Amino acid sequence: MEIETIGTLRTCFPEKFGIPRQPGLAPLARGILRFSAAQPAAVWRDAMRGLEGFSHLWVTFVFHAAVTEGWKGLVRPPRLGGKEKMGVWATRSPHRPNFLGLSLLELEAVDFDEPALRFRGVDLLDGTPVVDLRPYHPDHDLPRSATRDGWIAQAPAPAAAVEWSAAARQRIPEMAARTPAELPAYTADELRGLVESLVALDPRPAHQRGEVGDWAMRLLAFDVKIRMEGTRATIVALE
Ligand code: SAM
């Protein structure tokens with residue numbers, strides 16, 4: 001069989017660098033799923049009926065930007081400093097058989113008019129092709145016997161302390177107003193919160209943590225320039 005995607009997720013992340021490594025880590029990271037033209041809008045509206053009652057959806061998608069890079073049985077999870085290897089099925093690596101991804105995303109709004117679905121806390125690249133959706137069911141998807149052993153038993157790295165330069169802070173309203181219409185919208189306050197939460201996650205490769213250096217991540221239609229000193233981060237400029 002062939003898989004036909006149901007639509008494309010437009011997100012605030014035009015590039016891989018700086019995307020949170022799991023959903024929910026940056027709740028203000030928004031995405032909009034717009035459905036494909038392969039079916040009439042009426043079919044998508046039918047399929048959406050009842051979704052309003054759910055807070056979260058399992059979103060199945062394709063790691064489309066990893067396909068040309070291929071996959072191997074062993075990967076190096078960033079959380080292990082990029083040094084230790086782990087079996088791909090013990091990880092959430094994009095480089096996996098068939099490049100299928102699975103994210104539990106918070107459903108922010110169900111828009112029957114467009115039709116579209118709006119999500120919060122996305123961990124996905126802009127333009128990610130979506131394959132299917134399912135409601136999160138707390139009775140069945142939250143096993144009481146779940147353990148937290150194996151290589152994830154170790155707590156993740158602590159958040160970086162974030163400060164703004166006066167020049168960068170001043171440009172927040174302008175950057176929020178300049179968001180292209182097809183991407184998720186932000187007020188100035190929301191955009192400040194989004195940038196802070198992403199920088200606090202310290203997007204650098206794990207082996208460079210603790211070093212001093214300048215980094216830039218692309219967000220919506222601008223660059224966030226960051227100076228990292230140990231676990232302190234300064235947002236130097238929005239350009
Ligand atoms: N929650 C999902 C899962 O478990 O399948 C994704 C986890 S994966 C570790 C998240 C990372 O995949 C992001 O930080 C980003 O670097 C990368 N990524 C996101 N969307 C992608 C895409 N469409 N193609 C390739 N890589 C992507």
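Residues numbered from 1 in each chain as written. Predicted model: local features only at pLDDT ≥ 70, side-chain atom pairs only at ≥ 80, totals over all residues. Heavy atoms only, no water.

Enquirer: What is the right way to look at the site of the ligand in this model?
Expert: The local shell around the ligand holds 20 residues, among which Pro20, His64, Ser103, Asp123 and Thr128 are the closest. Between the ligand and Ser103, the relevant distance is 2.9 Å, taken from a nitrogen atom to a side-chain nitrogen or oxygen of the residue. If the ligand stood free it would expose 590 Å²; the protein chains cover 91% of that surface. Elements represented by at least two residues in the shell around the ligand include exactly strand S3 (56-62) and strand S6 (100-111). Broken down by element, the shell around the ligand gets its largest block of residues, three residues, from S6. Its residues placed into classes, the shell around the ligand shows twelve nonpolar, five polar and three charged. (Near = heavy atom within 4 Å. Polar contact = N/O pair within 3.5 Å; in protein donor to acceptor, adjacent residues only side chain to side chain. Areas by Shrake-Rupley, 256 points an atom, 1.4 Å probe, with all protein chains shown as cover. Helix = DSSP H or I, 4+ residues; strand = E, 2+ residues; numbered from the N terminus. Nonpolar A, V, L, I, M, F, W, Y, C, P; charged D, E, K, R; others polar.)

Enquirer: Explain the packing of aromatic side chains here, please?
Expert: How two aromatic rings sit relative to each other is given by the distance of their centres and the angle of their planes. Scanning the entire structure with this criterion turns up four aromatic pairs. For the ring pair Phe35 and Trp44, a centre distance of 5.2 Å and an interplane angle of 20 degrees mean the geometry is stacked. Considered together, Phe35 and Trp44 belong to a single accessibility category, that of buried residues. Ring plane angle 75 degrees and centroid distance 4.9 Å describe the contact between Phe61 and Phe63, whose orientation is recorded as edge-to-face. (Phe/Tyr/Trp six-rings, centres within 6.5 Å; stacked < 30°, edge-to-face > 60°. Buried < 20%, exposed > 50% of the residue type's maximum accessible area, 1.4 Å probe, protein only.)

Enquirer: Please explain the pairing of strand S8 (residues 128-135) as it appears in this structure.
Expert: Across a regular strand the side chains alternate sides, sitting on one face of the sheet and then on the other. Sheet topology places strand S1 (residues 7-11) next to S8; three bridges connect them, and they run antiparallel. Its bridge partner lying in S8, Leu9 is registered against Thr128. (Pairing = 2+ DSSP bridges.)

Enquirer: Quick question: what am I supposed to make of the nonpolar core here?
Expert: Side chains of nonpolar character tend, in soluble globular proteins, to be buried together. If you look at the biggest cluster of nonpolar residues, it comprises 52 residues, and the most contacted ones within it are Leu117, Phe119, Leu191, Leu219 and Val224. Of all the elements, helix H5 (residues 188-200) adds the most residues to this core, at five residues. Counting the residues that make up this core, at least three belong to each of domain 1 (7-141) and domain 2 (158-238). With near-sequence residues (within four places) excluded, Val224 lies in contact with Val195, Val199, Trp215, Ala216, Met217, Leu219, Ile235, Ala237 and Leu238. (Core = buried A, V, L, I, M, F, W, Y, C linked by side-chain atoms within 4.5 Å. Domains from an automatic or database assignment. Contact = heavy atoms within 4.5 Å.)

Enquirer: Explain the sheet that holds S8 to me, please; I cannot follow it from the model alone.
Expert: Picture the strands of a sheet paired through backbone hydrogen bonds; they go either parallel or antiparallel. Spatially, the six strands close up into a barrel ordered S1-S2-S7-S6-S3-S8, and their pairing is antiparallel. The average undirected angle you get between the axes of adjacent strands in this sheet is 45 degrees. Both S3 and S6 contribute to a ladder of seven bridges, which runs antiparallel. Bridging across to S6, Leu57 finds its partner in Leu105. (Axes fitted to C-alpha atoms, helices over the stretch in contact; angles between N-to-C directions.)

Enquirer: Is there a simple way to think about the domain arrangement of the protein in this case?
Expert: Looking at the assigned domains, one finds that the protein contains domain 1 (7-141) and domain 2 (158-238). A separation of 22 Å is found between the C-alpha centroids of domain 1 and domain 2. Opposite the 22 residues of domain 1 that make contact, domain 2 presents 23 residues. Summed over both partners, the interface of domain 1 with domain 2 comes to about 1,800 Å²; 65% of that surface belongs to carbon and sulfur atoms. Per-residue buried area on domain 1 facing domain 2 is highest for Phe17, Leu28 and Arg30; these three make up 34% of the total on that side. The tally of links from domain 1 across to domain 2 stands at one salt bridge. For the salt bridge of Glu190 with Arg30, the shortest nitrogen-to-oxygen distance reads 3.0 Å. Connecting domain 1 to domain 2 are six residue pairs in polar contact (both at pLDDT 80 or more). (Buried area = accessible area lost by both parts, 1.4 Å probe. Salt bridge = Lys/Arg side-chain N within 4 Å of Asp/Glu carboxyl O.)

Enquirer: Where do I start with the sheet that holds strand S9 (residues 161-164) in this structure?
Expert: Strand order in the open sheet formed by four strands is S9-S12-S11-S10, and the pairing between neighbours is mixed. Every other strand in the sheet has two partners, leaving S9 and strand S10 (212-219) as the edge strands with one partner each. When strand polarity is set aside, the average angle formed by the axes of neighbouring strands in this sheet is 25 degrees. Relative to strand S12 (residues 232-238), S9 runs parallel, the two sharing four bridges. Note that in S12 the partner of Trp164 across the bridge is Ile235.

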